[in-house]
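Breakdown of the fold
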Number of protein chains: 2
Amino acid sequence: MTDDTPARRRKAATIRDVAQAAGVSTATVSKFINGGQRFTREVEERVTTAVRELGYSSNPMARGMITGQTGNVGIVILDICNPHFTSLVKGSSRVAERAGLNLLFTDTAEGHTPELTMLQALSRRVDGIIVSARLSEAAIEWLKHSGLPVIYYGGQQPDPACYSVGVDNRAAAQMLGRHLRDLGHRRISYVGFSGARWSSERWKGLQDAFDGSDGVLRLFDVESAVADEGERIASSVLLCAEPPDAVVTYNDLVALGLLGQAQLLGLRVPDDVSIAGFDNIIYGRYASPALTTVDTASELTGETAMQRLIERIRGDAAVSGGGHETLASRVIARGSTARRAPGR
Amino acid sequence: MTDDTPARRRKAATIRDVAQAAGVSTATVSKFINGGQRFTREVEERVTTAVRELGYSSNPMARGMITGQTGNVGIVILDICNPHFTSLVKGSSRVAERAGLNLLFTDTAEGHTPELTMLQALSRRVDGIIVSARLSEAAIEWLKHSGLPVIYYGGQQPDPACYSVGVDNRAAAQMLGRHLRDLGHRRISYVGFSGARWSSERWKGLQDAFDGSDGVLRLFDVESAVADEGERIASSVLLCAEPPDAVVTYNDLVALGLLGQAQLLGLRVPDDVSIAGFDNIIYGRYASPALTTVDTASELTGETAMQRLIERIRGDAAVSGGGHETLASRVIARGSTARRAPGR
DNA sequence: TTGTAGGCGTTATCAA
DNA sequence: TTGATAACGCCTACAA
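Residues numbered from 1 in each chain as written. Chains lettered and ligands numbered in written order. Predicted model: local features only at pLDDT ≥ 70, side-chain atom pairs only at ≥ 80, totals over all residues. Heavy atoms only, no water.

The name that an unreviewed UniProt entry assigns to chain A is LacI family transcriptional regulator, with the source organism given as Sphaerotilus montanus.

As structure tokens, then:
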């Protein structure tokens, strides 16, 4: 049995239907809906009834046309499958929901649409937007020029008029480096991801940590920050002439891949080599050994970014002038890092 | 240095501005923008220029008011932090982007807003919606009544007029059960999640697999399908009087938690007990031993659901009448399941 | 406290 | 091929 007609969307009741049913003007209904005014008990009751019976709710597009607000906020994510970004979305989503805003989600990893085109399309459908600080220069420039409220997540925007939220990557890496140094490690390899601006910050932080020591740091690079790449680069990093005591990777995904592959290559972690990443994704706990990492406040980043965005949209006076909000990070030491074996 | 004014959004050029600049009527510009008509070279050139110089793009809300289309599609996710759903979103997102549709994302796990209220608000902002088959009866009823194009993911909707997409959970579980049976396992425990309708399908599938054998199946239940719960229930499942040869869990997250805890309790996996889950989340590969699982076509589910939704929105004739689309699933055997030890 | 009327930016209809 | 004009549903002065 099939439908006689393709399910057609029933036309919703309009404010006029309500006005008529309640025997008042549309203006009265509008004011009633949007609150902030008092009415006769009589009118109030009739309107309430009419709204309920007709199941009325105002048309967001019609309202938007005149208020200039869409009721939506946008978020542009590099790769939703990275748990770091997943948590970020979770945090943003929660805050948006509380504020009664809808979240327009975009994943750019596919990159079918050029970044700029995508932003231009999105910008007409949202009141503000949260984007990665890794956006292209052209896109950032266009955003600035557009006047759309924007919050950047991840790194800090050089332009002081921009708002951004994230951890201090250099300081975070320095903490991790210090941890490794305290464990007696001297030969450190960093598997960076030059596609992210702040990978170099993390590299600098590591260097800071070993400043004035006899530590030897070496730099590698992956083409994308995923587990596969960690697997791919494992042998280059681990089986070289003078192998490292410890390896730090750009993020936990790369670390997970590296960790798995290291074991397949016959290395014992952490006895032969310590491994650590960034982001504190939950799955690091379920690797074996559990992965040492640096928490980069993923969910809090999302929450904070959304809060700042909403403030900007609402135009709260206190929050003018841009600036970077630094979130606290912390090292989470687990089984994948340990004191360097004496004989090693 | 602060801004003199709160960044004000510059008012975008309207179709009238373009018409004036090009010396034509707004109707002409509209037709030109929306294509599908031919113009004098002269007009075409003037309009093109005006559009470019003014950086014009049409106002989606104004357009939506008259076309009745929003250009948005909604997706309602139970918990974006579950990689299964993350992949689903990824698939949907890609297809939506290709079709030029924006994705309105909602995560219900927080549940601040009642399901029905959330759907009602969302329904006015989208042309169609993808939701979990785990939605409440009331919500499903309301959706049917609304006439909004809906695709359910996960389980099959009983109502044949509804569209749904997902794997055959019973058959999938039967395959996994068969795998375990072939490995010589006889005492099987299933850690289900009664919060999901299709957990019982999986339970039935397992029973099917051991039908007519001397297998003994036992049922447990978690309150939420996350790794923590897998950890929590581990001792109850594994340390009982007659411990199981193998444990199947509702999904990989629970399995991961259970796996980690099993090892902390001193059990060797898979020597002492085999463990398997559902969904084939990527992190199962990085557990140790790697997790045996059943692939539930997460990303394909998202893609397919979005394709069907778009067909429904566009009103393609061929796709009337509803129905369930079954996606193929497959067992992915890894290290966490192995032949039952002889002496066990 | 309530109503009237104008306009938001666009598309669709119909006439030129 | 092009243009005038009427909606679309709502909000907001302003008037009553």
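1. A short note on the protein's contact with DNA strand C
To keep it simple, the criterion reads: Any residue with a heavy atom lying within 4 Å of a molecule or strand is counted as near it. The term polar contact refers here to a pair of N or O atoms within 3.5 Å; inside protein, the definition further demands a hydrogen-donor-capable atom paired with an acceptor-capable atom, and it admits residues adjacent in sequence only when both atoms are side-chain atoms. Helical segments are the DSSP runs of H or I of at least four residues, strand segments are the runs of E of at least two, and each set is numbered from the N terminus. Each residue is assigned to one class: nonpolar for Ala, Val, Leu, Ile, Met, Phe, Trp, Tyr, Cys and Pro, charged for Asp, Glu, Lys and Arg, and polar for all the others, Gly among them.
Neighbouring DNA strand C are 25 residues, the closest being Thr28(A), Gln37(A), Thr40(A), Ile15(B) and Tyr56(B). Counting only atoms of DNA strand C within 4 Å of the protein, the fraction found in sugar and phosphate groups is 62%. Ser30(B) places a polar side-chain atom, nitrogen or oxygen, 2.8 Å from a phosphate oxygen of DNA strand C. In the model, a phosphate oxygen of DNA strand C is placed 2.7 Å from a nitrogen or oxygen of the Arg63(B) side chain. For the surface near DNA strand C, the elements supplying multiple residues, two or more each, are α2 (26-34) and α4 (60-67) of chain A together with α1 (15-22), α2 (26-34) and α4 (60-67) of chain B. Looking at the surface near DNA strand C element by element, the count peaks at 4 residues for α2(B). For the surface near DNA strand C, the class distribution of residues is 11 nonpolar, 9 polar and 5 charged.

2. As for unusual backbone geometry
To keep things clear, this is the line we draw: Three labels apply to residues, based on accessible area from a 1.4 Å probe with only protein chains included: buried if under 20% of the type maximum, exposed if over 50%, partly exposed otherwise in between.
In this chain, Val269(A) is followed by Pro270(A) through a cis amide linkage whose omega measures 10°. With respect to the helices, strands and loops of the structure, Pro270(A) is situated in the loop between α11 (252-264) and β9 (274-276). Omega for the bond connecting Ser288(B) with Pro289(B) falls within 30 degrees of zero, at 0°, which places this linkage in the cis form. By the element assignment, Pro289(B) lies in the loop between β9 (274-278) and β10 (292-295). Non-glycine residue Ala297(A) carries a positive phi angle of around 55°. When you line up the elements, Ala297(A) lands in the loop between β10 (293-295) and α12 (298-314). Of the residues examined, Ala297(A) reaches a relative accessible area of 10% and is grouped as buried. Phi angles above zero are rare outside glycine, and Asn280(B) is one such case at about 55°. The topology assignment puts Asn280(B) in the loop between β9 and β10.

3. A look at the sheet that holds strand β3 (residues 129-132) of chain B
Basically, it comes down to this: In short, DSSP must find at least two bridges between two strands for them to pair. Axes here refer to lines fitted to C-alpha atoms; in helices the fit is confined to the stretch in contact. Angles between the N-to-C directions go from 0 to 180 degrees. Contacts between residues were defined by any pair of non-hydrogen atoms, one from each residue, lying within 4.5 Å.
Pairing is mixed in the open sheet, where 12 strands are placed in the order β11(A)-β5(A)-β4(A)-β3(A)-β1(A)-β2(A)-β2(B)-β1(B)-β3(B)-β4(B)-β5(B)-β11(B). Each having just a single partner strand, β11 (323-327) of chain A together with β11 (323-327) of chain B make up the two edges of the open sheet. Across the sheet, the axes of successive neighbouring strands diverge by a mean angle of 25°, strand direction being ignored. Sheet topology note: the strand β2 (residues 102-107) of chain A/strand β2 (residues 102-107) of chain B ladder contains 3 bridges and is antiparallel. Paired with Leu104(A) across the two strands is Leu104(B), which belongs to β2(B). Here helix α12 (residues 298-314) of chain B sits on the sheet in contact with β1 (72-77), β2, β3, β4 (150-153), β5 (163-167) and β11 of chain B, set at roughly 165° to β4(B).

4. Thoughts on a nonpolar patch on the surface
To keep it simple, the criterion reads: Candidates for patches are residues over 30% relative accessible area with no salt bridge; among them, like charges are joined within 9 Å and nonpolar side chains (Val, Leu, Ile, Met, Phe, Trp, Tyr) within 5 Å. Every accessible area reported is derived by Shrake-Rupley at a probe size of 1.4 Å, with residue values counting cover from the shown protein chains alone. Any carboxyl oxygen of Asp or Glu that lies within 4 Å of a side-chain nitrogen of Lys or Arg is treated as forming a salt bridge with it.
A surface patch of nonpolar side chains, amounting to about 470 Å² of accessible area, comprises Met65(A), Ile66(A), Met65(B) and Ile66(B). Of all elements in the fold, only α4 of chain A together with α4 of chain B reach the threshold of two or more residues within the nonpolar patch. Secondary-structure assignment places Met65(B) in helix α4.

5. A word on the environment of Cys81(A)
Tracing the sequence through the fold places Cys81(A) in the loop between β1 (72-77) and α5 (83-98). Once the C-alpha coordinates of Cys81(A) and Asp107(A) are considered, the two residues, 26 residues apart in sequence, prove to be 9.6 Å apart. If we ignore the near neighbours within four places in the chain, the residues touching Cys81(A) are Thr86(A), Thr86(B), Ser87(B), Lys90(B) and Tyr283(B).

6. Brief notes about the protein's contact with DNA strand D
Around DNA strand D, the surrounding shell holds 24 residues, and the nearest of these are Ile15(A), Thr28(B), Lys31(B), Gln37(B) and Thr40(B). In DNA strand D, the atoms that sit within 4 Å of the protein are 63% sugar and phosphate, with bases accounting for the remainder. Here Asn59(A) contributes a backbone N or O atom positioned 3.1 Å from a phosphate oxygen of DNA strand D. A distance of 2.4 Å separates a phosphate oxygen of DNA strand D from a polar atom in the side chain of Thr28(B). Elements represented by at least two residues in the surface near DNA strand D include exactly α1 (15-22), α2 and α4 of chain A together with α2 and α4 of chain B. By residue class, the composition of the surface near DNA strand D is 11 nonpolar, 9 polar and 4 charged.

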